[in-house]
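The primary structure of each chain is shown beneath.
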Amino acid sequence: MASVQVTSSQGASAAPSPAAVAALERAAAAENFPVASWLLPKAQRAQVVAFYRYARSADDAADDAEATPDTRLARVATLEHELLTGEGSGPGAALHHALCDTDPAATAAALKLLGAFRRDAGGIACTDWADLMDYCDASAAPVGRFLLVIHGEDAATYAPSDALCAALQVLNHLQDMGDDYRDLGRRYLPGDWMAEAGAKDADLTAPALPPALAEVMGRTLDATDDLLRAAAPLPGLIRARGLRGQAAATLALANRLAILLRKGDPLAGRVALRRADFVKAGARGLWAALT
């Protein structure tokens, strides 16, 4: 669901070290959502790391192929109880304590995530683009909102942030669409677009993209490009330098991944960002943080 850029002791004025770049590559091997990066100030990093661990735990609970849907839902409910009460020693309680003096909107964003994980726990088949966007509103938008809230950013940043988060979520779904269907019974591609193209859910198990499914993927990427255009103003609206830099780097990575997916076949092999992509995006983020 969300990918993590690792924390380091470097400030916003420092270039990413080779070790930081290597860590980013390891995180990006599975995910694309930067959550805690070397660009963020130390004051917010602990909260962001606690949020990531909470979200990661909820994601793992919903994705546990060995557990029944009821068991998955119970694990998500435990996280919710921990977050609301601070009881226990799990990631929900840790986030509760990390947010003790923070705007309640940060807790609300964390709670909203659980709606997507509850939906994931029972399997999912999106009916249309609007349904997919509703899912992203719970699964992805709260990540951006959380970051904006803990940095005290203006509400004008919310809409472009939501668009960027949704775009990243859809790109991640496209990367993993074969595994998501085979392993977890999930199909995030819009069902009406599948029907119009003559694509079947079973096409997601093919060794390479059938033409009809390739058509749906292209249409989904077109819609994602619209999201990325809506997200483009975000870095310029953010006051906090580190978060502004992270937004610029994330936007660059999202645009690059969209290009790679247009050229690649996620059923035939993993379509992923490369070292050079992270170096270029890091440089763009650093420039945005300093200007």
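Refer to the structure printed above.
Residues numbered from 1 in each chain as written. Predicted model: local features only at pLDDT ≥ 70, side-chain atom pairs only at ≥ 80, totals over all residues. Heavy atoms only, no water.

Concerning the overall build of the chain
Item 1. Counting secondary structure elements, the chain contains 14 helices and 2 strands.
Item 2. For the chain, buried positions account for 56% of its 291 residues.
Item 3. For the chain, the proportion of contacts with a sequence separation of at least 24, taken over those separated by at least 6, is 73%.
Item 4. Here the chain displays about 11900 Å² of accessible surface, and carbon together with sulfur accounts for 55% of that area. (Helix = DSSP H or I, 4+ residues; strand = E, 2+ residues; numbered from the N terminus. Buried < 20%, exposed > 50% of the residue type's maximum accessible area, 1.4 Å probe, protein only. Contact = heavy atoms within 4.5 Å. Areas by Shrake-Rupley, 256 points an atom, 1.4 Å probe, with all protein chains shown as cover.)

Considering the packing of aromatic side chains
Item 1. What the rule picks out here adds up to 4 aromatic pairs.
Item 2. Seen in terms of ring centroids, Phe51 and Tyr54 are 6.4 Å apart; in terms of plane orientation they differ by 40°. Their pairing is tilted. Here Phe51 pairs with Tyr54, and both are found in helix α2 (residues 42-63), just 3 residues apart, close to one helical turn.
Item 3. A relative accessible area of 2% means that Phe51 is categorised as buried.
Item 4. Members of the aromatic cluster, joined through ring pairs, are Phe51, Tyr54 and Phe146. (Phe/Tyr/Trp six-rings, centres within 6.5 Å; stacked < 30°, edge-to-face > 60°.)

Structural notes on the pattern of salt bridges
Item 1. Within the structure shown, the criterion is met by 17 salt bridges.
Item 2. Its salt-bridge partner being Asp277, residue Arg256 comes within 2.9 Å of it at the nearest N-O pair. Taken as a pair, Arg256 in helix α13 (residues 241-263) and Asp277 in helix α14 (residues 275-290) lie far apart in primary sequence, 21 residues in all.
Item 3. On the accessibility criterion, Asp277 (11% relative accessible area) is buried. (Salt bridge = Lys/Arg side-chain N within 4 Å of Asp/Glu carboxyl O.)

Regarding the side chain of Gln44
Item 1. Here Gln44 shows up in helix α2.
Item 2. Contact partners of Gln44, with chain neighbours within four places excluded, come to Ile150 and His151.

Some remarks on helix α11 (residues 211-231)
Item 1. The first and last C-alpha atoms of α11 sit 30 Å apart over 21 residues, in line with the 30 Å expected at 1.5 Å per residue.
Item 2. Those residues of α11 lying buried are Ala212, Leu213, Val216, Met217, Thr220, Leu221, Ala223, Thr224, Asp225, Leu227, Leu228 and Ala231.
Item 3. Taken together, the buried residues of α11 touch α6 (129-139), α8 (158-175), α9 (177-184), α10 (191-197), α12 (234-237) and α13. (Expected span 1.5 Å × (residues − 1).)

Overview of the environment of Ala254
Item 1. By secondary structure assignment, the location of Ala254 is in helix α13.
Item 2. Measuring from C-alpha to C-alpha, the distance between Ala254 and Asp225 comes to 9.6 Å, with 29 residues separating the pair along the chain.
Item 3. The residues touching Ala254, leaving out its near neighbours within four places in the chain, are Leu164, Leu168, Leu171 and Leu228.

Observations concerning the environment of Ala140
Item 1. Counting through the fold element by element, Ala140 comes out in the loop between α6 and α7 (141-150).
Item 2. Between the C-alpha atom of Ala140 and that of Leu168, which follows or precedes it by 28 residues, the distance is 8.0 Å.

Some thoughts on the packing of α8 against α11
Item 1. Axis separation between α8 and α11 bottoms out at 8 Å; the angle between their running directions is 155°. Our classification of the angle between α8 and α11 gives roughly antiparallel. Of the two elements, α8 crosses α11, and the hand of that crossing is left-handed. In contact with Pro160, Ala163, Leu164, Ala166, Ala167, Val170, Leu171 and Leu174 of α8, α11 contributes Met217, Thr220, Leu221, Thr224, Leu227, Leu228, Ala230 and Ala231. (Axes fitted to C-alpha atoms, helices over the stretch in contact; angles between N-to-C directions. Parallel < 35°, antiparallel > 145°, perpendicular 65-115°, else oblique. Left-handed = near helix turned anticlockwise from the far one by under 90°.)

Here we look at the state of the cysteines
Item 1. On inspection of all chains with the given rule, the structure shows 0 disulfides.
Item 2. Between Cys126, a free cysteine, and Cys136, which holds the nearest cysteine sulfur, the sulfur-to-sulfur gap is 7.6 Å. (Disulfide = S-S within 2.5 Å.)

As for the nonpolar core
Item 1. Counting residues in each nonpolar core, the largest one holds 78 residues, and the members touching the most others are Leu95, Phe146, Met177 and Leu213.
Item 2. For Leu95, the residues in contact, after removing those within four places along its chain, are Gln47, Ala50, Phe51, Tyr54, Leu83, Ala110 and Phe146. (Core = buried A, V, L, I, M, F, W, Y, C linked by side-chain atoms within 4.5 Å.)

Some words on α8
Item 1. Look at α8: 26 Å from first C-alpha to last across 18 residues, which is about the 26 Å you get at 1.5 Å a residue.
Item 2. Burial of α8 is extensive: 16 of the 18 residues sit out of reach of the surface.

Some details on the environment of Arg187
Item 1. Secondary-structure assignment places Arg187 in strand β2 (residues 186-187).
Item 2. Note on Arg187: relative accessible area 11%, which makes it buried.
Item 3. Sequence spacing of Arg187 and Asp201 is 14 residues, and the spatial spacing of their C-alpha atoms is 7.4 Å.
Item 4. When neighbours within four sequence positions are excluded, Arg187 is seen to be in contact with Ile124, Ala125, Cys126, Tyr181, Met194, Asp201 and Leu204.
Item 5. Within the structure, Arg187 has its side chain in polar contact with the backbone oxygen of Leu189 (distance 2.7 Å). (Polar contact = N/O pair within 3.5 Å; in protein donor to acceptor, adjacent residues only side chain to side chain.)

On their own, these measurements won't tell you what the molecule is for.
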